[in-house]
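Now for the letters of each chain:
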Amino acid sequence: MPEMTLVEAVNLALARAMEDDPDVVVLGEDVGINGGVFRATVGLQARFGSERVLDTPLAELLISGLCVGMAAQGLKPVGEIQFMGFLYPCIDQLVNHASRIRNRTRGRITCPMVLRTPHGAGIRAPEHHSESTEAMLAHIPGLRVVIPSSPERAYGLLLAAIRDPDPVVFLEPTRIYRAAKGEVEDNGEALPLDVAFVLRQGRDVTLISWGAMLKETMAAADALAAEGVAAEVIDLATLKPYDEATVLGSVAKTGRCVIVHEATRTGGFGAEIAALIAERGLTSLLAPVARVTGYDTVIPMARLEQHMMPSVDRIVTAARRACQFS
Amino acid sequence: MADGGLPVVARFDVRHRNYLAPDGSINRPLPAFASDADLLTALYRAMMLLRNFDRKAVALQRTGRLGTYAVSLGQEAVSVGIASAMRAEDVLLPSYRDNGALIWRGVKLEEILLFWGGDERGNHFSGPIEDFPFCVPVGSQAPHSAGVAYAFKLRKQPRVAVCMFGDGATSKGDVYEAMNFAGVHKLPVVFVATNNQWAISVPLRLQTGCETLAQKAIAAGFIGEQVDGSDVVAMRAAAEDAISAARDGRGPRFIEAVTYRLGDHTTSDDALRYRSAEEVQARWKEEPIARLRSYLVGQKMWSKAEEEQLAAECHERVEAAVERYLATEPRRPESMFDHLYADLPGVYAAQRRELAGEGDA
Ligand SMILES: Cc1ncc(C[n+]2csc(CCOP(=O)(O)OP(=O)(O)O)c2C)c(N)n1
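Rules used in this analysis
- For every chain, the first residue of the written sequence is number 1, and numbering continues from 1 along that sequence.
- Numbering of ligands from 1 and lettering of chains from A proceed in the order in which they are written.
- For this predicted model, a pLDDT threshold of at least 70 governs which residues receive local features, and a threshold of 80 or more governs which side-chain atom pairs are given and counted, while totals over whole chains, interfaces and linings are taken from all residues.
- Side-chain descriptors were evaluated using all non-hydrogen atoms of the structure, hydrogens and water having been removed beforehand.
- Here a strand is any run of E in DSSP of at least two residues, a helix any run of H or I of at least four, and the numbering for each starts at the N terminus.
- It is over C-alpha atoms that the radius of gyration is taken, and the globule rule equals 2.2 Å times the number of residues to the power 0.38.
- Here the term buried applies to any residue with accessible area under 20% of the maximum for its type, exposed to any over 50%, and partly exposed to those in between, with areas from a 1.4 Å probe on protein chains only.
- Whether two residues touch is decided by their heavy atoms; if any such pair falls within 4.5 Å, the residues are in contact.
- A 1.4 Å probe and the Shrake-Rupley method give the accessible areas. Residues count as covered only by the protein chains that appear here.
- Asp and Glu are treated as the negative residues and Lys and Arg as the positive ones, with His and the ends of the chain left uncounted.
- Note on charges: their place is set at NZ of Lys, CZ of Arg, CG of Asp or CD of Glu.
- Only Phe, Tyr and Trp rings take part, Trp by its six-membered ring, and two of them pair if their centres are within 6.5 Å. Stacked means planes under 30 degrees apart, edge-to-face means over 60, and tilted covers everything else.
- A ring is scored as having a charge over it whenever the NZ atom of a lysine or the CZ atom of an arginine sits within 6 Å of its centre and within 35 degrees of its normal.
- Proximity is defined per residue: if any heavy atom of the residue lies within 4 Å of a molecule or strand, that residue is considered near it.
- Here a polar contact is taken to be a pair of N or O atoms separated by no more than 3.5 Å, where protein atoms must pair a possible hydrogen donor with a possible acceptor and residues adjacent in sequence count only if both atoms sit in side chains.
- To obtain an axis, a line is fitted to C-alpha atoms, over the contacting stretch when the element is a helix, and the angle between two such axes runs from 0 to 180 degrees between their N-to-C directions.
- Two helices cross in a left-handed way if the nearer one is turned anticlockwise from the farther one by less than a right angle. They cross in a right-handed way if the turn is clockwise.
- The residue classification treats Ala, Val, Leu, Ile, Met, Phe, Trp, Tyr, Cys and Pro as nonpolar and Asp, Glu, Lys and Arg as charged. All others, Gly included, are polar.
- As a working definition, buried area equals the accessible area (1.4 Å probe) given up by two parts on being put together, with both sides summed.
- Counted as salt bridges are all cases of a side-chain nitrogen of Lys or Arg within 4 Å of a carboxyl oxygen of Asp or Glu.
- Buried Ala, Val, Leu, Ile, Met, Phe, Trp, Tyr and Cys residues form a nonpolar core when they are joined through side-chain atoms within 4.5 Å.
- Following DSSP output, two strands are said to pair if at least two bridges run between them.
- Handedness rule for crossovers: strands pointing away from the viewer, path from the first strand over the helix to the second running clockwise, crossover right-handed.

Participant: Explanation requested: the overall build of chain A in the structure shown.
Facilitator: The secondary structure content of chain A amounts to 12 helices and 14 strands. Relative to a compact globule of 326 residues, whose C-alpha radius of gyration would be 20 Å, chain A shows 19 Å and is just as compact. Taken over the C-alpha atoms alone, chain A extends approximately 60 × 40 × 40 Å along its principal axes. A total of 326 residues make up chain A; the buried ones form 64% of that total. Taking the intrachain contacts of chain A between residues at least 6 apart in sequence as the baseline, contacts between residues at least 24 apart amount to 82%. As displayed, chain A offers around 11,600 Å² of accessible surface, 52% of which is attributable to carbon and sulfur atoms. Each charge class in chain A was averaged separately, 31 positive and 39 negative side chains, and the resulting centres sit 4 Å apart.

Participant: I keep staring at the overall build of chain B and nothing clicks. Help me out?
Facilitator: Tallying secondary structure elements over chain B gives 13 helices and 8 strands in all. Contacts in chain B between residues at least 24 apart in sequence constitute 72% of all its contacts with a sequence separation of at least 6. For chain B, the accessible surface area stands at approximately 15,500 Å², while carbon and sulfur atoms represent 53% of it. Of the side chains in chain B, 42 bear a positive and 48 a negative charge, and the two mean positions are spaced by 3 Å.

Participant: I'm lost on the packing of aromatic side chains in this one. Help?
Facilitator: This model, assessed by the stated rule, comprises 17 aromatic pairs over all chains. For the ring pair Phe-38 of chain A and Phe-83 of chain A, a centre distance of 5.2 Å and an interplane angle of 65° mean the geometry is edge-to-face. Here Phe-83 of chain A lies in the loop between strand S4 (76–80) and helix H4 (91–98) and Phe-38 of chain A lies in the loop between strand S2 (24–28) and helix H2 (44–48), a separation of 45 residues in the sequence. With respect to class, Phe-38 of chain A is no different from Phe-83 of chain A; both count as buried. Between Phe-165 of chain B and Phe-191 of chain B, the aromatic rings sit 6.5 Å apart at their centres with planes inclined by 45°, giving tilted as the arrangement. Placement of the pair is Phe-165 of chain B in strand S3 (residues 161–166) and Phe-191 of chain B in strand S4 (residues 189–195), with a sequence separation of 26 residues. Each member of the pair Phe-165 of chain B and Phe-191 of chain B is classed as buried. Members of the aromatic cluster, joined through ring pairs, are Phe-53, Tyr-69, Phe-115, Trp-116 and Phe-134 of chain B. Above the face of the Phe-125 of chain B ring, Arg-108 of chain A is positioned so that its terminal group lies 4.0 Å from the ring centre. Positioned over the ring face of Phe-33 of chain B is Arg-236 of chain B, at 5.0 Å from the centre of the ring.

Participant: Got a minute to help me understand the site of the ligand in this structure?
Facilitator: Residue and element names in this part refer to chain B. Surrounding the ligand, one finds 15 residues, the nearest of these being Tyr-96, Arg-97, Gly-168, Asn-196 and Trp-198. Taking Asn-196, its side chain carries an N or O atom lying 2.9 Å from an oxygen atom of the ligand. For the ligand, the protein covers 70% of the area, taking 580 Å² as the surface of the free molecule.

Participant: What should I look at first to understand the packing of helix H1 (residues 37–62) of chain B against helix H11 (residues 288–298) of chain B in this one?
Facilitator: Helix-helix packing is characterised by the crossing angle of the two axes and by the distance between the axes. Residues and elements named next belong to chain B. Packing of H1 against H11 brings their axes to within 10 Å, and their N-to-C directions diverge by 150°. As H1 packs across H11, the resulting crossing turns out to be left-handed. Within the contact between the two elements, H1 uses Leu-40, Thr-41, Tyr-44, Met-47, Met-48 and Arg-51 and H11 uses Pro-288, Ile-289, Leu-292, Arg-293, Tyr-295 and Leu-296. Counted by class, the contact of H1 with H11 contains 9 nonpolar, 1 polar and 2 charged residues.

Participant: I tried to follow the interface of chain A and chain B on my own but got confused; where do I start?
Facilitator: Interface extent is often summarised as the accessible area lost during association of the parts. Taken together, the contact between chain A and chain B spans 44 residues of the former and 47 residues of the latter. For the pair chain A and chain B, the summed buried area comes to about 3,700 Å², and 59% of that belongs to carbon and sulfur atoms. For chain A, the biggest contributors to the area lost against chain B are Gln-73, Arg-106 and Arg-108 of chain A; these three give 24% of the whole. If you look at where chain A meets chain B, you find 1 salt bridge.

Participant: Can you walk me through the nonpolar core in this structure?
Facilitator: Side chains that are nonpolar tend, in soluble globular proteins, to be buried together. Counting 81 residues, the largest nonpolar core has Leu-137, Leu-236 and Ile-273 of chain A together with Phe-191 of chain B as its most contacted members. Each residue touching Phe-191 of chain B, except ones within four places of it in the same chain, is listed here: Ala-142, Ser-145, Cys-163, Phe-165, Ala-178, Met-179, Ala-182, Phe-222, Pro-252, Arg-253, Phe-254 and Ile-255 of chain B. If you look at the next biggest cluster of nonpolar residues, it comprises 71 residues, including Leu-43, Leu-109, Val-162 and Val-190 of chain B.

Participant: When you look at the pairing of strand S7 (residues 168–173) of chain A in this model, what are you seeing that I'm missing?
Facilitator: Walk down a regular strand and you will see the side chains alternate between the two sheet faces. Residue and element names in this part refer to chain A. For S7, a buried count of 6 out of 6 residues is recorded, marking the element as mostly surrounded by other parts of the structure. By the alternation rule, side chains of S7 split into Val-168, Phe-170 and Glu-172 and Val-169, Leu-171 and Pro-173, which are all buried. Relative to S7, strand S5 (residues 114–119) runs parallel, the two sharing 6 bridges. From the neighbouring strand, Leu-115 faces S7, where its bridge partner is Val-169. As defined by bridge partners, strand S6 (residues 144–146) adjoins S7 across 3 bridges and the pair is classed as parallel. If you follow Val-146 over to S7, its bridge partner there is Phe-170. In this fold, the crossover linking S6 to S7 by way of helix H7 (residues 151–163) has right-handed handedness.

Participant: How do you make sense of the sheet that holds strand S14 (residues 290–294) of chain A when you look at a structure like this?
Facilitator: Strands belonging to one sheet form pairs held by backbone hydrogen bonds; the direction of such a pair is parallel or antiparallel. Residue and element names in this part refer to chain A. Here 5 strands make up an open sheet; going across it, the order is S9-S11-S10-S13-S14 and the pairing mixed. What marks the edges here is a single partner per strand, and that holds for strand S9 (197–200) and S14. The average angle at which neighbouring strand axes cross in this sheet is 25°, direction not considered. Two strands pair when backbone bridges link them, and S9 and strand S11 (residues 231–235) are joined in this way by 3 bridges, in the antiparallel orientation. What sits directly across from Val-198, in S11, is Ile-234.

Participant: Help me understand the sheet that holds strand S1 (residues 15–17) of chain B, please; the structure alone is not making it clear to me.
Facilitator: All names here are of chain B. Taken together, the 6 strands give an open sheet; going across it, the order is S1-S7-S8-S4-S3-S2, and neighbouring strands pair in parallel fashion. Both outer strands of the open sheet, S1 and strand S2 (91–93), are each paired with one neighbouring strand and no more. For this sheet, the mean inter-axis angle between neighbouring strands, taken without regard to orientation, is 25°. Where S1 meets strand S7 (residues 223–228), 3 bridges bridge the pair, whose relative direction is parallel. Bridging across to S7, Arg-17 finds its partner in Val-227. Where helix H2 (residues 76–84) meets the sheet, its contacts fall on S3, S4 and strand S8 (253–258), and the angle it forms with S3 comes to roughly 170°.

Okay, here's the thing in C-alpha cells:
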C-alpha cells in the first residue's frame with residue numbers, strides 16, 4: 001500500500017468517486033488546472049474534463065447554492081471552499097436550504113452534496129485562514145459534519161460523505177494536510193460516518209478530540225503512558241451526528257474525560273460532549289470533565305497562534321489533574 | 001465629443017415589451033398564440049382563480065385558520081404568463097409569491113393552503129416532482145436555479161430552469177452570483193424579477209440606482225428585457241422567447257416584469273403605512289385581469305355568461321380546496337424527524353421516541 005499525505009488521500013478519494021460515479025462533480029475556485037490551493041483536486045480536471053471539474057467564479061455563496069441545485073437534480077456535487085474563513089457566505093445555503101430541503105419537502109427533494117474546506121489554525125496563514133468554527137455547523141439539524149484525522153480516514157470518510165444521501169460538510173485539518181502520512185489502499189471502501197474511532201485503548205482517562213488536534217492528543221497519551229497513565233483516545237470524526245455511545249462507553253470504563261479542541265471554548269463542541277456526560281454518564285465519573293480548548297479570542301495571526309491552540313503540555317496537565325481524583 | 005474622442009467599446013440597450021394597453025386595446029400586433037382563444041381564456045381563467053384563491057386565503061388568515069400569506073393581487077399576469085410558457089419537464093424555482101405559477105403547474109390549492117397553514121406536506125405537492133418549493137429567504141433560490149440548469153447542460157437535457165424573485169431580491173449578491181455564473185456557462189435558465197415597485201415598505205428607487213432592473217443582465221453577459229407585467233400576453237410572449245432560447249442552447253435570459261402590488265406585502269403588513277391609497281387607486285386602472293377581459297370581450301372571445309360561469313367555478317374550486325385543507329389530518333409531532341435525514345441517526349431516533357411519548361429520554 002502506498003504511503004501518502006492526508007491531502008493526497010483526499011485527492012485519491014475524489015478521483016475514485018468520480019471514476020465510480022459519473023454524477024460526481026467537483027467545483028470551486030481554482031480547482032481545475034491549478035488543482036486547488038492545497039492541491040486536493042490536482043489532476044482531476046485533466047482526467048475528468050472541465051464540465052465535471054469546474055472552476056467557478058469567485059463566489060462562495062454561489063458554490064454552496066449551486067451544489068444545492070445540482071444535488072436536487074441527482075448530481076453529487078463536491079464543492080471546495082478555499083479556507084474555512086470563506087465558508088461563512090455559505091452558511092445561508094447550508095442552514096436554509098441544504099440541510100432542510102429534504103425535511104421541507106417531506107423527502108421529495110434531497111441534497112446529496114459535500115462541501116469541503118480546510119479547517120483550523122497552525123499553518124501561519126493570513127488572517128481569516130485559520131478558522132475552527134465546526135460547532136456552528138454541528139448545530140445545524142439535517143447536516144453532517146465530518147473531520148478526518150489521518151490519510152486513511154480522509155479517504156474512507158470522504159468516500160462515505162460523497163455517497164451519503166444527505167449534505168455533508170467535510171472539514172480537512174489544514175495543519176496535518178501534509179504532516180499526516182499513512183498507507184492508503186485505493187480499494188473504494190468507505191469508512192462509516194456517525195461513528196467515532198478509538199485510536200488507543202486505555203483504562204484511566206478518556207481523551208476525546210478530532211482533526212489536527214489528535215496529533216497533540218496522541219502525543220499526550222504517549223507522555224501519560226510514560227507516567228503509567230493509560231489514556232483511551234477517541235477520534236470523534238463525525239461531529240454531527242456524533243457517536244454518543246462510544247463516548248459514554250469509554251467514560252463508563254475510565255471514569256475520567258478530557259476533551260481537546262482548538263476551537264474557542266464557549267459554545268464549542270466540547271461543551272456538548274461535557275453536557276452529554278453530565279446527563280448520561282455522571283454516575284461513572286470519578287473526576288470533573290475537563291476541556292482543553294482554544295481561548296475565547298479571535299484566532300491570532302502567526303506569531304501567537306500556537307499559544308491559542310492546546311499544547312501537549314496542557315492536555316497532559318488536564319489528564320493528570322483528572323487522575324488525581326480517585 | 002465630450003469624451004475626447006475615446007472609442008466606445010460596447011453599447012447596450014434595454015427594450016420594453018407591451019401589447020395590451022390598460023383599456024384592453026392593442027398597442028402593436030399580438031404574437032401568434034394570441035389568436036388561440038382557448039389559450040387566452042385559459043390564461044384569463046388562471047388569473048381569476050388566483051384572485052379568488054387569494055381573497056379566500058386572506059379571509060382564512062383573518063379568521064385564524066391560515067398563517068401569514070402573501071397575495072398576488074395585481075401581479076397575476078406574471079406568474080401565470082411565465083408558467084404557461086414552461087413545459088412540464090422544466091423546473092420552476094419560485095419565490096413565496098408565485099402561487100399562480102405553482103397552480104398552473106398542477107399544485108393543488110389545498111397544498112398551497114397547507115404550506116401557508118404551517119405544514120410542510122404542502123411542499124410535497126402534486127406539481128412536477130422536481131419543482132422547488134416556495135423560497136422564503138429572498139433570492140436564495142437563484143443559485144439553485146443555476147445548479148439545476150448546470151445539471152441539465154451536463155446531461156444534455158433540453159430542459160430549462162425558471163427562477164422567480166422580486167425586485168428586492170435583485171439587490172442580493174445571490175441573484176447576481178447566479179446570473180453571473182449562468183452567463184459564463186450559457187446555462188438554460190430564465191430569471192424573472194417581478195418588479196412590483198415595493199419590497200415590503202422600500203420603494204424601487206431605494207432598492208437600486210438603476211433605471212431598469214433588466215439592465216442587471218448586461219453585467220452578467222446576457223439579454224435583459226423589460227416586460228409589462230400587467231399584460232399577460234406580453235409576459236407569455238417574453239417567457240416563450242426566453243425559454244425557447246434557453247432550451248436551444250442560446251443561454252440565459254432575464255425578464256423584468258414591471259407591475260404593481262395592489263395588496264399588502266403579506267397579511268401581516270399594512271401598506272397604508274408607507275404608500276397612499278391614491279397611489280394604489282391609480283394603479284388599479286392598469287391591473288391585468290380587467291385588461292385582458294376588455295380585450296377578450298372586444299374580440300368576442302368572452303361573454304357575460306362565461307364570466308358568470310367562471311365565477312361560480314372558481315368559488316366552487318376554492319371552497320372545495322378549503323374544505324380538504326381544513327379536513328387534513330394533523331401530523332403526529334414526532335413526524336418532524338421523518339425526513340430530517342435519509343436514515344435517522346440513532347442518536348436522534350431517541351429524541352423522536354421522547355417526542356412520541358415512548359419515554360426513553
Ligand atoms: C434574505 C431575506 N431578507 C429579508 C427577508 C424579509 N422579507 C420578506 S419579503 C421581503 C421583501 C422582498 O421584496 P421583493 O424581493 O421585491 O419581493 P416581493 O415581496 O415584493 O414579491 C423582505 C425584506 C427575507 N424573507 N429574506
